[in-house]
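# Examination of the molecular architecture
The primary structure of each chain is shown beneath.
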Amino acid sequence: MSRNHAKRRRAKRRKHHTVRPGTAPGTITVDPAAPKPLVRMIAYGPDELVDQKLESLEGIPAELGRHAVVWVNVDGLGDVAVIKRLGEIFGLHPLALEDVVHTHQRPKVEQYGEHLFVVLREARLNDRLETEQFSLFLGKNFVLSFGEREGDAFDPIRERLRLKTGRGRGRGADFLAYALLDATVDSYFPILESYSDRLEDVEDSLVQSADRTNLGRLHEIKRDLLILRRALWPTREAIAQVSREEYSLITADTRVWLRDCYDHTVQLIDLAETDREVCADLMDLYLSSVSNRLNSVMKVLTIISTIFIPLTFLAGVYGMNFHTDRGNMPELLWKHGYLMFWIVSGVIALGLLALFWKLGWLTERRATAGG
């Protein structure tokens, strides 16, 4: 499993460096393995809504002049022509489009003329934790969003727009942009809750026994929490920037909602940091459990060795088989000498065991100060 994970990490690094050094700024170079774009448009106003998947992009300009808000969502970045055409339709800066397809960007907010460009990281938890880039352009009456592949956290937003529930249908494009950013941020909550549950399971397992498999689980969780931390800290900076600076495209009322989104990022960072601390504490608990187990084993072996030291001494003395002449070993001719040897050995062994019990070495209770 670790070897396959290393291969995936190397492939991901190669993906991040597909642009040759010296390439002109603003050059759009897509990853050949990226999925082809799936384009979906939702155009709406207070009284109407159009929701359709687009086979052609040529109908978008007409919808821009017909509806109050037009949201074009693109899942997949594997077609240069589609991305360039969208840039032409919405008048996007080539540097921003370059950042869209180079999916290793740090979360950020930039303004290009009349457009606001926002980059965040989406998190997905399947077999393993993965983060993907989510890019968003905000214009006067449109929102253009890009995801690396199909699947996102925006279905509740689409449902509210279709059913005309919530505040979205009566607001402008800036409120839709807020809703997309907020949904992206909130998608981290169930992921962090999942890691909190995993840490509780590991803690329960460690209390019972210091199984080596728990060490591998802790390393995986620690690595994933680091990935989340790297995504969340710059996300907080980006949301703070877009909620505090006075961009002409964002109304004062929407900035109030963005501040709530900022609060969510702070909560997520607190959860991530708490889980990281718990992970470190569990790592210490594992090492302490292993050390205690080793100490217990060494204690048992030491007790056994201590009991056999005097017995070995006696056996060694009488194993020399000196002659029974004057000045030598008269005990060799005793009638019950062999039996007496075992009695003495048993008394010594039992006496030492009684002493160890009194000192608390054979039980979990702490030895007395006199011991």
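Residues numbered from 1 in each chain as written. Predicted model: local features only at pLDDT ≥ 70, side-chain atom pairs only at ≥ 80, totals over all residues. Heavy atoms only, no water.

### Concerning the overall build of the chain
- The helix and strand tally for the chain stands at 10 helices and 7 strands.
- Looking at the chain as a whole, 41% of its 371 residues are labelled buried.
- Excluding contacts between residues fewer than 6 apart, the proportion of contacts in the chain whose partners are at least 24 apart in sequence is 67%.
- As presented, the chain carries roughly 21,100 Å² of accessible surface, and 55% of it is formed by carbon and sulfur atoms. (Helix = DSSP H or I, 4+ residues; strand = E, 2+ residues; numbered from the N terminus. Buried < 20%, exposed > 50% of the residue type's maximum accessible area, 1.4 Å probe, protein only. Contact = heavy atoms within 4.5 Å. Areas by Shrake-Rupley, 256 points an atom, 1.4 Å probe, with all protein chains shown as cover.)

### Structural notes on the pairing of strand 1 (residues 38-44)
- Of all 7 residues making up strand 1, 5 are buried, and the element is well covered by its neighbours.
- Here 7 bridges tie strand 1 to strand 3 (residues 69-75), and the two strands are oriented antiparallel to one another. Within strand 3, the position partnered with Ile42 by the bridge is Trp71.
- The pairing of strand 1 with strand 2 (residues 49-54) spans 6 bridges and is classified as antiparallel. Within the sheet, the bridge partner assigned to Met41 lies in strand 2 and is Gln52.
- If you look at the hairpin formed by strand 1 and strand 2, you'll find 4 residues sitting between the two strands. (Pairing = 2+ DSSP bridges.)

### So, helix 4 (residues 94-101)
- Taking burial as the measure, the 8 residues of helix 4 include 6 buried ones, the bulk of the element.
- Looking at helix 4, one finds that the buried residues are Ala96, Leu97, Glu98, Asp99, Val100 and Val101.
- Its buried side turned inward, helix 4 meets helix 3 (80-90), strand 4 (108-112), strand 5 (115-125), strand 6 (129-138) and strand 7 (142-147).

### Examining the packing of aromatic side chains
- Inspection of the entire model under this criterion finds 9 aromatic pairs.
- Between Trp71 and Phe154 the ring centres are 6.2 Å apart and the planes differ by 70°, which places this aromatic pair in the edge-to-face class. With a gap of 83 residues between them, Trp71 in strand 3 and Phe154 in the loop between strand 7 and helix 5 (155-163) connect regions that are remote in the sequence.
- With a centroid separation of 5.8 Å and 85° between ring planes, the pair formed by Phe175 and Trp257 is classed as edge-to-face. With Phe175 in helix 6 (residues 173-186) and Trp257 in helix 9 (residues 252-318), this residue pair connects regions lying 82 residues apart in the sequence.
- On the basis of relative accessible area, Phe175 is assigned to the buried category, the value being 8%.
- Cluster of aromatic residues (ring-pair linked, three or more members): Tyr112, Phe117, Phe137 and Phe146.
- Lying over the aromatic face of Phe175, Arg171 brings its terminal NZ or CZ to 4.9 Å of the ring centre.
- Its end group placed over the ring of Tyr262, Arg244 keeps NZ or CZ at 4.9 Å from the ring centre. (Phe/Tyr/Trp six-rings, centres within 6.5 Å; stacked < 30°, edge-to-face > 60°. Lys NZ or Arg CZ within 6 Å of the ring centre and 35° of its normal.)

### A look at the packing of helix 8 (residues 212-244) against helix 9
- Packing of helix 8 against helix 9 leaves a shortest axis separation of 8 Å and a crossing angle of 160°. On the basis of the axis angle, helix 8 is roughly antiparallel to helix 9. Here helix 8 and helix 9 pass one another in a crossing that is left-handed.
- Residue composition of the contact of helix 8 with helix 9, grouped by class: 21 nonpolar, 4 polar and 10 charged. (Axes fitted to C-alpha atoms, helices over the stretch in contact; angles between N-to-C directions. Parallel < 35°, antiparallel > 145°, perpendicular 65-115°, else oblique. Left-handed = near helix turned anticlockwise from the far one by under 90°. Nonpolar A, V, L, I, M, F, W, Y, C, P; charged D, E, K, R; others polar.)

### So, the confidence of the model for the chain
- In the predicted model, the chain carries a mean pLDDT of 85, and the fraction of residues at 70 or more is 89%.
- Ignoring residues within four places in sequence, the model shows residues 365-371, a span with pLDDT below 50, making 8 contacts including any to other chains. (pLDDT = per-residue confidence, 0-100.)

### So, the sheet that holds strand 5
- Taken in spatial order, the 7 strands line up as 2-1-3-7-6-5-4 in an open sheet, and their pairing is mixed. Of all strands in the sheet, those with a lone pairing partner are strand 2 and strand 4, marking the two edges. Averaged over all pairs of adjacent strands, the angle between their axes in this sheet comes to 15°, without regard to strand direction.
- Running over the sheet, helix 7 (residues 188-208) touches strand 5 and strand 6 and is turned about 30° from strand 5.
- Here helix 8 sits on the sheet in contact with strand 4, strand 5 and strand 6, set at roughly 155° to strand 5.

### Details of the layout of surface pockets
- Estimated volume of the second largest pocket: approximately 340 Å³.
- Every residue lining the second largest pocket is counted, 17 residues in all, and those nearest its centre are Leu38, Val39, Arg40, Lys53 and Asp75.
- The element contributing the most residues to the lining of the second largest pocket is strand 1, with 3 residues.
- Counted by class, the lining of the second largest pocket contains 6 nonpolar, 3 polar and 8 charged residues. (1 Å grid on protein atoms, 1.4 Å probe; cavity = no way out; pocket = protein on both sides within 12 Å on 5 of 7 lines; lining within 4 Å. Points joined across faces, edges and corners; volume = space filled by probe spheres on them.)

### Looking at the pattern of salt bridges
- Counted by the stated rule, this structure contains 18 salt bridges.
- Between Lys108 and Asp99 there is a salt bridge, with the nearest N and O atoms lying 2.8 Å from each other.
- Close ionic contact of Arg149 with Glu132 constitutes a salt bridge, the shortest N to O distance being 2.3 Å. Of this pair, Arg149 sits in the loop between strand 7 and helix 5 while Glu132 sits in strand 6, placing them 17 residues apart in sequence. (Salt bridge = Lys/Arg side-chain N within 4 Å of Asp/Glu carboxyl O.)

### With respect to a nonpolar patch on the surface
- A grouping of Leu294, Val297, Met298, Val300, Leu301, Ile304 and Phe308 is seen on the molecular surface, where their side chains present a nonpolar patch of about 640 Å² in accessible area.
- Summarising the element assignment, Val300 is placed in helix 9. (Patch = residues over 30% accessible without salt bridge, like charges linked within 9 Å, V, L, I, M, F, W, Y side chains within 5 Å.)

### Considering the side chain of Arg121
- Here Arg121 is to be found in strand 5.
- The charged side chain of Arg121 is buried without a salt bridge, its nearest counter-charge being Glu148 at 4.4 Å.
- Only 3.0 Å separates the side chain of Arg121 from the backbone oxygen of Thr103, close enough to count as a polar contact.
- Setting aside its immediate chain neighbours within four residues, Arg121 contacts Thr103, His104, Gln105, Pro107, Thr131, Glu132, Gln133, Glu148, Thr184, Tyr188 and Ala231. (Lys, Arg positive; Asp, Glu negative; His and termini not counted. Polar contact = N/O pair within 3.5 Å; in protein donor to acceptor, adjacent residues only side chain to side chain.)

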